[in-house]
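Fold and geometry: a report
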Amino acid sequence: MNSTDGENTMEKEKDNYTKDGTVDYRGNPANKKKTGTWKACPYILGTECCERLAYYGMSSNLVLYFKHRLNQQSATASKNQSDWSGTCYITPLIGAFLADSYLGRYWTIACFSIIYIFGMTLLTLSASVPGLRPACVTKEDCHPTHTQSAVTFLALYLIALGTGGIKPCVSSYGADQFDDADEAEKNHKSSFFNWFYFSINIGALIASSVLVWVQDNVGWNWGFGIPTVTMALAVASFFSGTRLYRNQKPGGSPLTRICQVIVASVRKCHVKVPEDKSLLYETADAESTIKGSRKLDHTKDLSFFDKAAVEVESNDKKSSKDPWSLCTVTQVEELKAIVRLLPIWATGIIFAAVYNQMGNFFVLQGERMNTRLGHTSFHIPPASLGIFDTLSVIFWVPIYDQIIVPFARKFTGHKNGLTQLQRMGIGLVISIFTMLSAGILELVRLRIVKKHNYYDLKQMPMSIFWQVPQYFLIGCAEVFTFIGQLEFFYEQAPDAMRSLSTALSLTTVALGNYLSSLLVTIVTSISTKNGNLGWIPDNLNYGHLDNFFWLLAIMSVLNLGVYLFIANWYTYKRPVGTLR
């Protein structure tokens, strides 16, 4: 072998590695056997398990931290918790844009993890260091200064920014380890999303049991300190699998490509789209012009955007095509795919508002019930009831994967048993029963309070375990809707926009939290007129929290009707040569 051959071989070998040093098997198929699939997934699942343990360990009890340590009223604490939680699901848009456009998923996760750990450390210090932590006369009588409250919220919003680079990338990064062009690997992808959500709930299980108890009985310094250490373990787990990962190269700014299609379509609004769609502009190469993206087949709907791919005389005269006046069919189909996702995305907002109640009014409801475990002196922290949501998910994920899917496959003929849209719809139905369960419990609880004049009792003699059904139902709804969303937004997104699409699905949780916050504000404003205590007073025994649950149930029914109409209209994307 001469020196030129040697240099070429080294250059090809070099091309198989991305800038982070990890293997990109697309450059050399031989590397495919060494990377990706389930070999790489344990490190990604371990990262998600530890990160979610840290997140839920900090956030599950946060509404009570606001109420008792930051001395906030119930409605204010609920609103602040919803606003912060919502922000945690908006910032993924930032991380997703950077991942898809410039950094790639690997480096986005790595960089934002540092911000996350810094925020967790500051939050721990705010609950531990004299001068930063609020001065308390008793456990529930604290007097924070404005500076102390500001430090707490600074830490929380740094954490919210840190989650922005992790949430949209980890699930997509795990799915990237399975090749769509390989039948055997593609069949494992749906199972990956199930087990990914399973790992989330293993972390949540420990958080809602052990860490919530630590916060209520040992102290918030330990309650926040342990999640901080856990987050460090998440980062260590992620880097441990570096040499096994498959990486998709960033495809450039997806927002720029979307804008190019819109501008080109508007500029050629009077141009007629040819009947023969094969005349629309597309590169002759087997690969798309967009890095890391397969070509997409033309679809009939949203035909206005096809104008962007119509070649006119002014285009032909140019030696190089101007992307602001002529776009490929694949680029047009990218925009169509995102537009089709938006109506489905919108129907997830009310479901997320229902889900938000688990860390919000479910906790405040449980605080007014008997938290004693049997006849012992042990008291169950109200936020710990979230463990039944987690147990429900842990119960239903293997049931769905191993029993429901094979059973449904016999009737539907679909390889996954249920389509992603069918799966999400079932979750929306179950969420309605969640709100009905919570509303009925609160109605019964208030009747007992009224009958026996328990208004001023801190905890009425009704076991907190009556909340178990509503937690179990919301866990079941999660398995159908949230996991279905994860898979749906990944599969239906263009290849080079998958982080952005995952982030888009996460914003439904953010908007659900903001919707919950808005509803609380509106309900409080209306129900407290003329000196009334309203639906949500500090002492819920004088309120009507059940009315708030009925309101969400009605909104969920209306949302389900809209979803069924949209799902029937939806057209799935068609990648060229993809196995289906």
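Below: a short report on this structure. (Residues numbered from 1 in each chain as written. Predicted model: local features only at pLDDT ≥ 70, side-chain atom pairs only at ≥ 80, totals over all residues. Heavy atoms only, no water.)

Summing up its helical and strand segments, the protein chain has 17 helices and two strands in all. The long-range fraction of contacts in the protein chain, counting pairs at least 24 apart against all pairs at least 6 apart in sequence, stands at 83%. For the protein chain, the exposed area adds up to about 24,000 Å²; of that, 65% sits on carbon and sulfur atoms. (Helix = DSSP H or I, 4+ residues; strand = E, 2+ residues; numbered from the N terminus. Contact = heavy atoms within 4.5 Å. Areas by Shrake-Rupley, 256 points an atom, 1.4 Å probe, with all protein chains shown as cover.)

Time to look at the environment of phenylalanine 480. Note that phenylalanine 480 resides in helix α15 (residues 468–491). Sequence separation between phenylalanine 480 and tryptophan 396 is 84 residues; the distance between their C-alpha atoms is 9.2 Å.

Let us now look at the side chain of threonine 91. Positionally, threonine 91 belongs in the loop between α4 (74–88) and α5 (92–126). Threonine 91 gets classed as buried once you look at its relative accessible area, which sits at 9%. Polar contacts involving the side chain of threonine 91 include one to the main-chain carbonyl oxygen of alanine 160, which spans 2.6 Å. (Buried < 20%, exposed > 50% of the residue type's maximum accessible area, 1.4 Å probe, protein only. Polar contact = N/O pair within 3.5 Å; in protein donor to acceptor, adjacent residues only side chain to side chain.)

On the surface, a cluster of nonpolar side chains totalling about 570 Å² of accessible area is made up of Trp213, Val218, Trp222, Leu373, Phe378 and Phe465. You can see tryptophan 213 is positioned in helix α7 (residues 183–217). (Patch = residues over 30% accessible without salt bridge, like charges linked within 9 Å, V, L, I, M, F, W, Y side chains within 5 Å. Salt bridge = Lys/Arg side-chain N within 4 Å of Asp/Glu carboxyl O.)

Let's shift gears to the packing of aromatic side chains. Here the structure, examined in full by the defined rule, presents 34 aromatic pairs. Look at tryptophan 38 and phenylalanine 192: their rings are 6.4 Å apart centre to centre, the planes differ by 50°, and that puts the pair in the tilted class. With a gap of 154 residues between them, tryptophan 38 in helix α2 (residues 37–59) and phenylalanine 192 in helix α7 connect regions that are remote in the sequence. On the basis of relative accessible area, phenylalanine 192 is assigned to the buried category, the value being 0%. Relative to phenylalanine 238, the ring of tyrosine 173 has its centre 6.0 Å away and its plane inclined at 50°; by these criteria the two rings are tilted. Here the residue tyrosine 173 occupies a position in helix α6 (residues 146–175), and phenylalanine 238 occupies one in helix α8 (residues 220–240), the gap between them amounting to 65 residues. Note on phenylalanine 238: relative accessible area 4%, which makes it buried. Taking the ring centre of tyrosine 55 as reference, the NZ or CZ of lysine 167 above it sits at 4.5 Å. Here the guanidinium or amino end of arginine 423 rests over the ring plane of tyrosine 400, the centre of that ring lying 3.8 Å away. (Phe/Tyr/Trp six-rings, centres within 6.5 Å; stacked < 30°, edge-to-face > 60°. Lys NZ or Arg CZ within 6 Å of the ring centre and 35° of its normal.)

Although it is not a glycine, asparagine 71 sits at a positive phi angle of roughly 60°. Considering the arrangement of structural elements, one finds asparagine 71 in the loop between α3 (62–69) and α4. Located in the positive-phi region is asparagine 453, a residue other than glycine, with phi close to 55°. Along the polypeptide, asparagine 453 turns up in the loop between α14 (420–452) and α15.

So, about the pairing of strand β1 (residues 135–138). As judged from the three bridges shared by β1 and strand β2 (residues 141–143), these two strands associate in the antiparallel manner. Note that in β2 the partner of cysteine 136 across the bridge is cysteine 142. (Pairing = 2+ DSSP bridges.)

Bringing the packing of helix α11 (residues 329–356) against α14 into the picture now. The N-to-C vectors of α11 and α14 enclose an angle of 30°; their axes lie 10 Å apart at closest approach. Taken together, α11 and α14 sit at an angle that is classed as roughly parallel. The two elements α11 and α14 meet at a crossing, and its hand is left-handed. Contacts between α11 and α14 involve Ile344, Thr347, Phe351 and Val354 from the former and Leu421, Met424, Gly427, Leu428, Ser431 and Met435 from the latter. (Axes fitted to C-alpha atoms, helices over the stretch in contact; angles between N-to-C directions. Parallel < 35°, antiparallel > 145°, perpendicular 65-115°, else oblique. Left-handed = near helix turned anticlockwise from the far one by under 90°.)

Another aspect to go through is the pattern of salt bridges. Inspection of the entire model under this criterion finds 10 salt bridges. In this structure, arginine 257 engages glutamate 334 in a salt bridge whose closest nitrogen and oxygen atoms are separated by 2.9 Å. Placement of arginine 257 in helix α9 (residues 254–267) and of glutamate 334 in helix α11 is noted, with a sequence separation of 77 residues between them. In this structure, arginine 257 and glutamate 334 share a single accessibility class: buried. Look at the salt bridges and you will find they share partners, linking Asp306, Glu333, Lys336 and Arg340 into a network.

Within the structure shown, the criterion is met by one disulfide. A disulfide bridge connects cysteine 136 with cysteine 142, and the sulfur atoms are separated by 1.9 Å. Between cysteine 136 and cysteine 142 the sulfur-sulfur dihedral comes to about 100°; the bridge is accordingly right-handed. Assessed through its relative accessible area of 0%, cysteine 142 is described here as buried. (Disulfide = S-S within 2.5 Å.)

Right, let's talk about the packing of helix α16 (residues 498–527) against helix α17 (residues 545–569) for a bit. Remark: α16 packs on α17, axes separated minimally by 12 Å, with the N-to-C direction vectors making an angle of 130°. With respect to each other, α16 and α17 are oriented oblique. Between α16 and α17 the crossing geometry is right-handed. Residues Leu515, Ser516, Leu519, Val520 and Val523 of α16 touch α17, and the partners they reach there are Phe548, Leu551, Leu552 and Met555. Taken together, the residues of the contact of α16 with α17 sort by class into eight nonpolar, one polar and no charged. (Nonpolar A, V, L, I, M, F, W, Y, C, P; charged D, E, K, R; others polar.)

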